[in-house]
Each structure stands twice: as structure tokens, then as C-alpha cells.
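Observations on chain architecture
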Protein chains: 2
Amino acid sequence: MEGKYKVLEVKQSVFADNDRQAEELRKELKQKKVFLLNLMSSPGSGKTTALTRTIEALKDELRIGVMEADIDSEVDAETISGLGVKAVQLHTGGMCHLDADMTRQGLSGLEDGDVELAVLENVGNLVCPAEFDTGAVKNAMILSVPEGDDKPLKYPLMFSVCDVVLINKTDVLPYFDFDMDKCRENIALRNPDAKVIPICARTGEGMEDWYAWLKEEVKKWAE
Amino acid sequence: MEGKYKVLEVKQSVFADNDRQAEELRKELKQKKVFLLNLMSSPGSGKTTALTRTIEALKDELRIGVMEADIDSEVDAETISGLGVKAVQLHTGGMCHLDADMTRQGLSGLEDGDVELAVLENVGNLVCPAEFDTGAVKNAMILSVPEGDDKPLKYPLMFSVCDVVLINKTDVLPYFDFDMDKCRENIALRNPDAKVIPICARTGEGMEDWYAWLKEEVKKWAE
């Protein structure tokens, strides 16, 4: 797969004021009409599978670029670049999250002026990524059924910063003790405004609702 | 459940040299014959279920105490204290990991001299907890089948610091694209010495191997 995607070693930000950096990045993205989505989750919740399916569904309608952030490995950038969209692998050098300046370094690798939808697949972690504004226009997270319906109680900040929560792997609901109504209640306790969309990235169930939300947000941002 | 377990707000360590703090704590634990196990995993991999079953199996043989570390909530300490062992809930105040001094604060809440096996259920996170020596005698982690067999490639440090890897939720193997041999290979790439034990904490499958390992280690430590 050599040559199909870049690998960037992103450096920890030197800026103390990450919130200001994030606001500046968002302003620039607004001017350039680039919608940046920050996608977060635990390890193994299905971020890459959901993203793969989303790209397949939307790549003829939208110019998409993807930043795959990982401590190490290039597994995900290989997968994504195989779909024919721009991809860049960000190595965080052990860092557990991305901040706005690291995200900016990543966007430079995507030549961002040329994409309408830039997706940052953040490090798999429900704790630290929630603490850093990346400059994204919207935050999305994936909670998968096997992780349990109590996660909004245990990782409150993550749920409170997300605009949309995708509940993935609904195909295995019969095999897990997961109560969808209870999960919605737990999310609402942390964030009454969050949009909750049950999906199965593997089978495609529920994905249309997610695409509709995403397309609408990208369109609003470019107006 | 009031009064059944303490809640400690553990403070971030003031010690720059965590490794030295951890070594000192381990020495003290050796003198007191307290075996400290640091149990790590992603959110939702089944740490609390595995721990519950372990306690039920071993509580007549060993005096057990449990520290439940969470950003927030007391869900797990409630569960554990209901089993009739000492439990303390540690609130990390947003911190994504425990260091040796925070662990020491937690042990003080357990009145550690009175337990033979102290378990630290670390914050659900495959990144940051791996970077901090807690002073534990052994590190264990749980990887669950729904998370995928590629996780050792993506979270290398976590796998390299663990003495034992429990692969949980083997009952759902038929529903996931998870290759146990591939997973063992990926773990061996990171840590050829790690003991790998497939388990199902829900049904009890494979748990005897884990109990045997744990009892042997506790016994060796107290010699």
C-alpha cells in the first residue's frame, strides 16, 4: 500500500491555550467550507468499520478526507486509502488524544482546501480525547452494544461533549444484556441534546439516519 | 448501599519520579505480604464481571480487597461490596489513569495490611494506564472478543506491560470476526512472555486457569 497515504508524526502542541487554537481552526474551516468531524470511541467499538461504510455511501456526493490517529500502526489508513479517498495516518507518539494543533498538522497532510468533509478518527479512548477541543465542527462518538448501556454514567465528559452518539453493533443485541431505552436515558442524563442513532455498521442497519444527519450538517456548514 | 464502601477522591501525584514511588510501594507490599494486581482494559470489556466471578470463587481462600477506579460513578464499588469483600471507590477527578501515589491513597482506604490480594480495577482505557507503574506486583488486562484481534497492534504499550492477558467474552466468538490464533500472534509480537487465557466471565468458561495463575502468584509473593 506504499505511497497511498502519508504518515505524519504529530507533535504535542506547544500552545497552552488549546481552546483558543481550536476556535481559530474552526474559523478557518468555516472560511474554507471544510466540515471537520471528530469521531471518538473506545478501542474496538467499530469506528473504522462505520467510517468505511460511510465513505462508501457518501464519496460520490462529498469530497472526503480522513485522518486516522493512532498511537502506532497503519492498519486503519491502509483500509481507508483503499476506498479511494484521501487518507493520512497520524502517529501521536504515545499521546492519548489529539488537540487542535495536532489536528491542524493532520489537516495539512490532507491538503484540506480540497475536501468538504474531513473526518478525524481520534485515538480509541473514552477519557482523554473528550478533554481537548480539536477544532471540529461537530463531535461524534460510537458506543457499541458489547460495551454496555452504563457507559454514559462512567465516562460522563465524553457523552456531554458529543453532538451525536451512534450505538453500534445492534446485530448482537440478542447476545448481550444491553437495554437500549436505559442507554438513551443514561445518555440524556449527561447530554439531553445529543442525537442518538442506533446503527449496525456491519449490516448497514440504521446507517441512513446517520448519513442524513451528516449530510445536513456538512450542508449547513458550507452555507 | 450507604456505608458499605468508602469513596476516596484520589489526588494527582506530586511526585515527579513515579517509577521510584512504585518501587517503594512494591517493597512495602512485599513486607506486608499484600499481592497487588493492576487490572486494566478498555471500557466495557468485562473487568467488573470477571472480577465479581473471581471474588466469588476465591473469597473463602483469600482475603481480598478491591479498589474501583472511575472518573465518576460508584456503580462498580456497589457491585463489589455486595460480594462481602472490602471495596473502595476511587474517584480520579477526571484523570485517565492511576499512578503509584494514587494507588497508595487507595490502599490506605482498604486498610491493606488485612488483605492478601488487593485488586486495582484501573480506569477503562488502553492508553494512559499502561504508562504509569502503579506499584502492582503483576499487571493483567482484559481484551474482549468484540474489540477485535488487532488491538495488540494498535495499543502496543498496554500489551507489552501486562503479565497476563485475559481474552473475555469467548461465548460470542461465533458472532464476531475474531481469530484467536491471530490474536495470540499479535500479543506475542508485543510481549512473547505474556500468558494468554481465553475466558468467558459470564459463563465461567476458562476461569479455572485464571484462578490457578492468580493463586500461584499470590502464594509466591507471600513466600
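Provided above is the structure to which this section pertains.
Each value, and the rule that gives it
Residues numbered from 1 in each chain as written. Chains lettered and ligands numbered in written order. Predicted model: local features only at pLDDT ≥ 70, side-chain atom pairs only at ≥ 80, totals over all residues. Heavy atoms only, no water. Pairing = 2+ DSSP bridges. Helix = DSSP H or I, 4+ residues; strand = E, 2+ residues; numbered from the N terminus. Axes fitted to C-alpha atoms, helices over the stretch in contact; angles between N-to-C directions. Contact = heavy atoms within 4.5 Å. Buried area = accessible area lost by both parts, 1.4 Å probe. Salt bridge = Lys/Arg side-chain N within 4 Å of Asp/Glu carboxyl O. Polar contact = N/O pair within 3.5 Å; in protein donor to acceptor, adjacent residues only side chain to side chain. Nonpolar A, V, L, I, M, F, W, Y, C, P; charged D, E, K, R; others polar. Buried < 20%, exposed > 50% of the residue type's maximum accessible area, 1.4 Å probe, protein only. Expected span 1.5 Å × (residues − 1). Arc of directions from axis to C-beta. Phe/Tyr/Trp six-rings, centres within 6.5 Å; stacked < 30°, edge-to-face > 60°. Lys NZ or Arg CZ within 6 Å of the ring centre and 35° of its normal. Least-squares fit on C-alpha atoms with pLDDT ≥ 70 in both. Parallel < 35°, antiparallel > 145°, perpendicular 65-115°, else oblique. Left-handed = near helix turned anticlockwise from the far one by under 90°.

**With respect to the sheet that holds strand 8 (residues 195-198) of chain B**
All names here are of chain B. Sheet architecture is open: eight strands sit in the order 1-4-3-5-2-6-7-8, paired in parallel fashion. At either end of the open sheet lies a strand with only one pairing partner, and these are strand 1 (6-9) and strand 8. Strand-to-strand twist of the sheet, defined as the mean angle between neighbouring strand axes without regard to direction, takes the value 20°.

**Comments concerning the interface of chain B and chain A**
Contacts between the two partners involve 32 residues from chain B and, on the opposite side, 32 residues from chain A. With both chains or domains summed, chain B and chain A bury close to 2400 Å², and 61% of this area falls on carbon and sulfur atoms. The three residues of chain B that bury the most area against chain A are P43, K154 and Y175 of chain B, which together make up 24% of that side's buried surface. Applying the counting rule to chain B against chain A returns two salt bridges. Among the salt bridges present, the one from D76 of chain A reaches K154 of chain B, with a minimum N-O distance of 2.7 Å. There are seven residue pairs in polar contact (both at pLDDT 80 or more) connecting chain B and chain A. Elements with a contribution of two residues or more to the side of chain B that touches chain A: helix 3 (75-81) and helix 5 (151-154) of chain B. Of the residues belonging to the side of chain B that touches chain A, the class tally is 15 nonpolar, seven polar and ten charged.

**As for the side chain of K151 of chain B**
Tracing the backbone through its elements, the reader meets K151 of chain B in helix 5. According to the relative accessible area criterion, K151 of chain B is buried, its value standing at 4%. A polar atom in the side chain of K151 of chain B sits 2.8 Å from the backbone oxygen of E147 of chain B. Those residues in contact with K151 of chain B, other than ones at most four positions away along the chain, are P43 and G44 of chain A together with L143 and F159 of chain B.

**Description of helix 1 (residues 18-32) of chain A**
Given 3.6 residues to a turn, an α-helix orients residues that are three or four positions apart in the same direction. Residue and element names in this part refer to chain A. Counted at 1.5 Å a residue, the expected span for helix 1 with its 15 residues is 21 Å, and the 21 Å between its end C-alpha atoms agrees. Where helix 1 is concerned, the buried positions are N18, Q21, A22, L25, R26 and L29. One side of helix 1 holds all its buried residues, which, seen down the axis, span an arc of 135°. For helix 1, the exposed residues lying more than 90 degrees away from the buried face are K27 and Q31. Of the surrounding secondary structure, the elements contacted by the buried residues of helix 1 are strand 2 (35-41), helix 4 (100-110) and helix 8 (207-222). Immediately downstream of helix 1, the backbone of K33 shows phi near 60°, a positive value.

**With respect to helix 4 (residues 100-110) of chain B**
Residues and elements named next belong to chain B. In terms of residue burial, helix 4 counts as a mostly covered element, since eight of its eleven residues are buried. Of the residues making up helix 4, those classed as buried are A100, D101, M102, T103, G106, L107, G109 and L110. Where the residues of helix 4 are buried, they touch strand 1, helix 1 (18-32), strand 2 (35-41), strand 3 (64-70), strand 4 (86-91) and strand 5 (117-121). One side-chain oxygen of the residue at the start of helix 4 lies 3.2 Å from the amide nitrogen of D101, identifying that residue as D99. Once helix 4 ends, the next one or two residues include E111, with phi positive near 50°.

**Quick notes on the packing of helix 1 of chain A against helix 4 of chain A**
All names here are of chain A. In contact at an axis separation of 8 Å, helix 1 and helix 4 are set at 35° when each is read in the N-to-C sense. Residues N18, Q21, A22, E24, L25, E28 and L29 of helix 1 touch helix 4, and the partners they reach there are A100, D101, T103, R104 and L107. Classifying every residue of the contact of helix 1 with helix 4 gives five nonpolar, three polar and four charged.

**Focus: the pattern of salt bridges**
Where charged atoms from two side chains of opposite charge approach closely, those side chains can pair. All names here are of chain A. Scanning the model with the defined rule gives 27 salt bridges over all chains in all. For R104, the salt bridge identified is with E28, shortest N-O distance 3.0 Å. Note that R104 is positioned in helix 4 and E28 in helix 1, a separation of 76 residues in sequence. You can call R104 partly exposed: its relative accessible area is 26%. Among the salt bridges present, the one from E217 reaches K220, with a minimum N-O distance of 3.4 Å. In this pair, E217 and K220 are both assigned in helix 8, three residues apart and thus about one turn of the helix distant. Overlapping salt bridges, with partners in common, bring together D17, R20 and E24 in one network.

**Points about the packing of aromatic side chains**
Taken as a whole and judged by the stated rule, the model has four aromatic pairs over all chains. Aromatic side chains Y175 of chain A and Y175 of chain B sit 3.6 Å apart centroid to centroid with 5° between the ring planes, which places their arrangement in the stacked category. Separated into two different chains, Y175 of chain A in the loop between strand 7 (164-168) and helix 7 (180-190) and Y175 of chain B in the loop between strand 7 (164-168) and helix 7 (180-190) make up a pair that spans both. Judged by relative accessible area, Y175 of chain A falls into the partly exposed class, the value being 33%. A cation sits over an aromatic face here: K30 of chain A above W221 of chain A, 4.6 Å from the ring centre.

**Topic: the sheet that holds strand 6 (residues 138-144) of chain A**
What links the strands of a sheet is backbone hydrogen bonding, and the strands pair in either a parallel or an antiparallel sense. All names here are of chain A. If you walk across this open sheet you meet the eight strands as 1-4-3-5-2-6-7-8, and the pairing is parallel. The open sheet has two edge strands, strand 1 (6-9) and strand 8 (195-198), and neither has a second partner. On average, each strand axis in the sheet is inclined to that of its neighbour by 20°, with strand direction left out of account. Of the pairings in the sheet, the one linking strand 2 to strand 5 (residues 117-121) comprises five bridges and is parallel in character.

**A closer look at the relation of the copies chain B and chain A**
Each copy of the sequence occupies a distinct position, and chain B is placed on chain A by a rotation of 180° and an axial shift of 0.0 Å, giving an RMSD of 0.0 Å. Expressed as a symmetry operation, the mapping of one chain copy onto the other fits a two-fold axis. Rotation axis and chain B: the residue whose C-alpha lies nearest the axis is N125 of chain B, separated from it by 2.9 Å.

**Section: the packing of helix 2 (residues 47-58) of chain A against helix 8 of chain A**
Residue and element names in this part refer to chain A. Where helix 2 contacts helix 8, the two axes come as close as 11 Å, and the packing angle between them is 70°. In terms of their interaxial angle, helix 2 and helix 8 are classed as roughly perpendicular. Seen along the crossing, helix 2 lies across helix 8 with a hand that is right-handed. Where helix 2 approaches helix 8, its residues A50, R53, T54, A57 and L58 are matched on the opposing element by M207, W210, Y211, L214 and K215. Here the residues of the contact of helix 2 with helix 8 are counted per class, giving seven nonpolar, one polar and two charged.

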